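Below, each chain spelled out in residue letters.
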Number of protein chains: 6
Amino acid sequence: MENTRYQRGTDRLNEVDGNTGQNVIDSLETIAPDLGTYIIEFAFGDIYCREGLSLQERELITITSLLTAGGCEPQLAVHINGALNVGISPKKVIEAFIQCIPYTGFPKVLNAVNIAKKVFTERETKEGK
Amino acid sequence: MENTRYQRGTDRLNEVDGNTGQNVIDSLETIAPDLGTYIIEFAFGDIYCREGLSLQERELITITSLLTAGGCEPQLAVHINGALNVGISPKKVIEAFIQCIPYTGFPKVLNAVNIAKKVFTERETKEGK
Amino acid sequence: MENTRYQRGTDRLNEVDGNTGQNVIDSLETIAPDLGTYIIEFAFGDIYCREGLSLQERELITITSLLTAGGCEPQLAVHINGALNVGISPKKVIEAFIQCIPYTGFPKVLNAVNIAKKVFTERETKEGK
Amino acid sequence: MENTRYQRGTDRLNEVDGNTGQNVIDSLETIAPDLGTYIIEFAFGDIYCREGLSLQERELITITSLLTAGGCEPQLAVHINGALNVGISPKKVIEAFIQCIPYTGFPKVLNAVNIAKKVFTERETKEGK
Amino acid sequence: MENTRYQRGTDRLNEVDGNTGQNVIDSLETIAPDLGTYIIEFAFGDIYCREGLSLQERELITITSLLTAGGCEPQLAVHINGALNVGISPKKVIEAFIQCIPYTGFPKVLNAVNIAKKVFTERETKEGK
Amino acid sequence: MENTRYQRGTDRLNEVDGNTGQNVIDSLETIAPDLGTYIIEFAFGDIYCREGLSLQERELITITSLLTAGGCEPQLAVHINGALNVGISPKKVIEAFIQCIPYTGFPKVLNAVNIAKKVFTERETKEGK
């Protein structure tokens, strides 16, 4: 049954985060492979496979939480990609960040918008190829 | 035009947070009335009146940000009420909190669920009257 | 196999946190039972059952993390109890908090010490009975 | 020479925080007396006795830092008292909190204003006697 | 009247942050122009134009809040520049950071001092030209 | 007696953090030398010289606190080195980070593991010479 969690977590991770998510897991291989396993089994196999919220809603929540926590720029980049992958428009990603201003203040929103700018540009460059 | 911001902010505050929001503004009257004005004009008149996200999406983002920040229990109570007021089900509020576990850890989610429990009970008691 | 995770998680939770841990799980029954399940399966069944650190070391890490996060007083109370349950002396709990001063500043350490004071007193009262 | 640090720290603590500061030190006597000693020697004997900032500026900085950290309500109450003790007006305390809105968001400012409200009322009650 | 807020916000932003502030606004032009507008209208047009604190006091508060929040290095660089622009000496900036040690611990103060070091050097280089 | 604190602090700093710690102190020489003095006297002369915890336990606590705070990557690198210097194995450092997942979530643990990866590689490279 563990296999099931791992398998469905991998599927969900690939669906949401695509290559960037898999790169995170791969980068853990030599240093902390169990951490990668828990991300797949628990974060994606358990939590992201639950019912009750759409994948778009889950990604809105995730990018909001990462923006608010601060200092999570690499994970924010992965999940801005994730948000776009599940169909959230770039404009809506920015709108979600603007909604955070009253609750987190401007600096964290500025940091998140700057990450979004990089992600959007990278994706346009790739798609432009 | 400032008047417009204040008026539409008041309307939006009442729509989203209802009495609990107005109570926050009233409690500031003798100590920091300008703070109340900024909440109405900027948070509700500017940000909450923007297009691009539904009110349900805005409240999902707000409760996620407050959960993640930590130490914002009173504001979380106001906005759990707000989430229910704009049509999010209690079950979905809890689901949003569960989505935060991988990003914030269990303790902040436990704190938020405990606040939700109180809010849900208070509302049931009122509705039961 | 899920059953195994749940079973060994329950055993570990009881070993570490005793009644106070079980109370947390029970309090989630009517509001967010899956959150309780994840705490048991993932936090205690997966993480707390790993090798490589003693239970005393795990509890030192947990109370340090909770102190540093701030705003996690209820969870800190549970895990100060946990620390004592696995054989850390009250004096060593305080010493761990003092070690945090240079990294977190005094206020969070003061908050943690005040929680410890309550926990120590409650246990002495119970044991005195 | 240690004695000098302790002595001048005690003097400064009394000058800034008055009774409320001494109460914090006293409350640590049975649980973590060394923590009280470090607060006196390091925070007040070393840092608060430095030149280059007035005591009013030091208290402005302290209450800003405590507001921003969040979850430090007891310490914020002590240092709002401290700010008033060194001659900052209640109005200026509130103004400092309002200056934090763009950087921390509204919730932490609301929490701090609510603590200020309690402190101001307590002092008025005492002075009214 | 909105125009007034925007105009006086721009004036204040230029007065406080100079080029570095305007660069932040410009960098938002293609990605989130409204965010730039809110920074000008609300942070600078509303908050920074209030009475009750000098600009030097406002900048002391801002750099303290950014230091304490952590992870806001770009904004801290802008406002260390702002602090110097409104007449705070480099020595006093460092002294403000040292005052934060007891409340935030050493790591965040070290991060802020390292940013200050870069800002001071950049300004000396420019002035030396 | 101050001299004693400084001397024993320097000894302890060198014992724990080795060159990387001394580099931090040296980097402060021209910008904030007193900050370096306080790190030596208070953090290392006072706190790290206390009894009641082994140096290994102190470093476990320190890296946990730095991971949880977030945004303290440079200090985390210094103290991962410190942990290894006092005899904690690389595997145990990673295990301590994994223990933090339930309390801080995955992103901060990922950040810490990435720092550890760099530190381990640097040390292997040096030792390989």
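Residues numbered from 1 in each chain as written. Chains lettered and ligands numbered in written order. Predicted model: local features only at pLDDT ≥ 70, side-chain atom pairs only at ≥ 80, totals over all residues. Heavy atoms only, no water.

Caption draft 1: Structural detail: the nonpolar core. Judged by nonpolar contacts, the single largest core of 276 residues is most densely connected at F97 of chain A, F97 of chain B, F97 of chain C, F97 of chain D, F97 of chain E together with F97 of chain F. Setting aside anything within four residues of it in sequence, one finds F97 of chain E in contact with I63, L67, L76, I80, V109, A112, V113 and A116 of chain E. (Core = buried A, V, L, I, M, F, W, Y, C linked by side-chain atoms within 4.5 Å. Buried < 20%, exposed > 50% of the residue type's maximum accessible area, 1.4 Å probe, protein only. Contact = heavy atoms within 4.5 Å.)

Caption draft 2: The packing of helix α7 (residues 106-128) of chain C against helix α2 (residues 33-47) of chain D, seen in detail. At a minimum axis distance of 11 Å, the contact between α7 of chain C and α2 of chain D shows a crossing angle of 165°. Viewed along their axes, α7 of chain C and α2 of chain D adopt a mutual orientation that is roughly antiparallel. Seen along the crossing, α7 of chain C lies across α2 of chain D with a hand that is left-handed. On α2 of chain D, the residues touching F106, V109, L110 and V113 of chain C of α7 of chain C are L35, Y38, I39, F42 and A43 of chain D. (Axes fitted to C-alpha atoms, helices over the stretch in contact; angles between N-to-C directions. Helix = DSSP H or I, 4+ residues; strand = E, 2+ residues; numbered from the N terminus. Parallel < 35°, antiparallel > 145°, perpendicular 65-115°, else oblique. Left-handed = near helix turned anticlockwise from the far one by under 90°.)

Caption draft 3: Region of interest: the interface of chain B and chain A. Counting from both sides, the interface comprises 31 residues of chain B and, opposite them, 31 residues of chain A. For the pair chain B and chain A, the summed buried surface comes to about 2,600 Å²; carbon and sulfur atoms form 66% of the total. The three residues of chain B that bury the most area against chain A are E95, Q99 and Y103 of chain B, which together make up 26% of that side's buried surface. Inspection of the region where chain B meets chain A yields 6 salt bridges. Along the contact surface separating chain B from chain A lie 18 residue pairs in polar contact (both at pLDDT 80 or more). Taken together, the elements giving at least two residues each to the side of chain B that touches chain A come down to α2 (33-47), α3 (55-69), α5 (90-99) and α6 (101-104) of chain B. (Buried area = accessible area lost by both parts, 1.4 Å probe. Salt bridge = Lys/Arg side-chain N within 4 Å of Asp/Glu carboxyl O. Polar contact = N/O pair within 3.5 Å; in protein donor to acceptor, adjacent residues only side chain to side chain.)

Caption draft 4: Representation of the relation of the copies chain E and chain A within the structure. It takes a turn of 120° to lay chain E on chain A, together with a shift of 0.0 Å along the axis; the resulting RMSD is 0.0 Å. On the angle and the small slide along the axis, the relation comes out as a three-fold axis. Closest approach to the rotation axis among the C-alpha atoms of chain E is made by G71 of chain E, whose C-alpha sits 3.0 Å away. (Least-squares fit on C-alpha atoms with pLDDT ≥ 70 in both.)

Caption draft 5: Representation of the interface of chain E and chain A. At the interface, 17 residues of chain E touch 12 residues of chain A. Regarding the contact of chain E and chain A, the summed buried area is about 1,200 Å², with carbon and sulfur atoms giving 78% of it. The largest contributions to the chain E side of the interface with chain A come from I31, L35 and Q75 of chain E, which together make up 43% of the buried area. Counting every contact that joins chain E to chain A gives 0 salt bridges. Counting across the chain E and chain A interface gives 3 residue pairs in polar contact (both at pLDDT 80 or more). Going through the elements one at a time, α1 (2-27), α2 (33-47) and α4 (73-85) of chain E are the ones with two or more residues in the side of chain E that touches chain A. It is α2 of chain E that contributes the most residues to the side of chain E that touches chain A, 6 residues altogether. For the side of chain E that touches chain A, the per-class residue count stands at 12 nonpolar, 4 polar and 1 charged. (Nonpolar A, V, L, I, M, F, W, Y, C, P; charged D, E, K, R; others polar.)

Caption draft 6: Fine view of the side chain of R123 of chain D. Mapped onto the secondary structure, R123 of chain D falls in helix α7 (residues 106-128). If near-sequence neighbours (up to four positions away) are discounted, R123 of chain D is found in contact with N81, L84 and N85 of chain D.

Caption draft 7: Structural detail: the domain arrangement of chain A. All names here are of chain A. Here chain A is described as being made up of domain 1 (1-50) and domain 2 (53-129). Opposite the 12 residues of domain 1 that make contact, domain 2 presents 11 residues. Summed over both partners, the interface of domain 1 with domain 2 comes to about 840 Å²; 53% of that surface belongs to carbon and sulfur atoms. On the domain 1 side of the interface with domain 2, the three residues burying the most area are V16, D17 and Y48, jointly 54% of the side's total. Linking domain 1 with domain 2 are 0 salt bridges, by the criterion used here. The interface formed by domain 1 and domain 2 holds 4 residue pairs in polar contact (both at pLDDT 80 or more) in total. Of all the elements in the fold, those that place two or more residues in the side of domain 1 that touches domain 2 are α1 (2-27) and α2 (33-47). No other element matches the 8 residues that α1 contributes to the side of domain 1 that touches domain 2. Tallied by class, residues from the side of domain 1 that touches domain 2 come to 5 nonpolar, 3 polar and 4 charged. (Domains from an automatic or database assignment.)

Caption draft 8: Representation of helix α4 (residues 73-85) of chain C within the structure. In a regular helix each residue adds 1.5 Å, so 13 residues correspond to 18 Å; α4 of chain C covers 18 Å between its end C-alpha atoms and thus fits that length. Positioned one or two residues after α4 of chain C, G87 of chain C has a phi angle of 105°, which is positive. (Expected span 1.5 Å × (residues − 1).)

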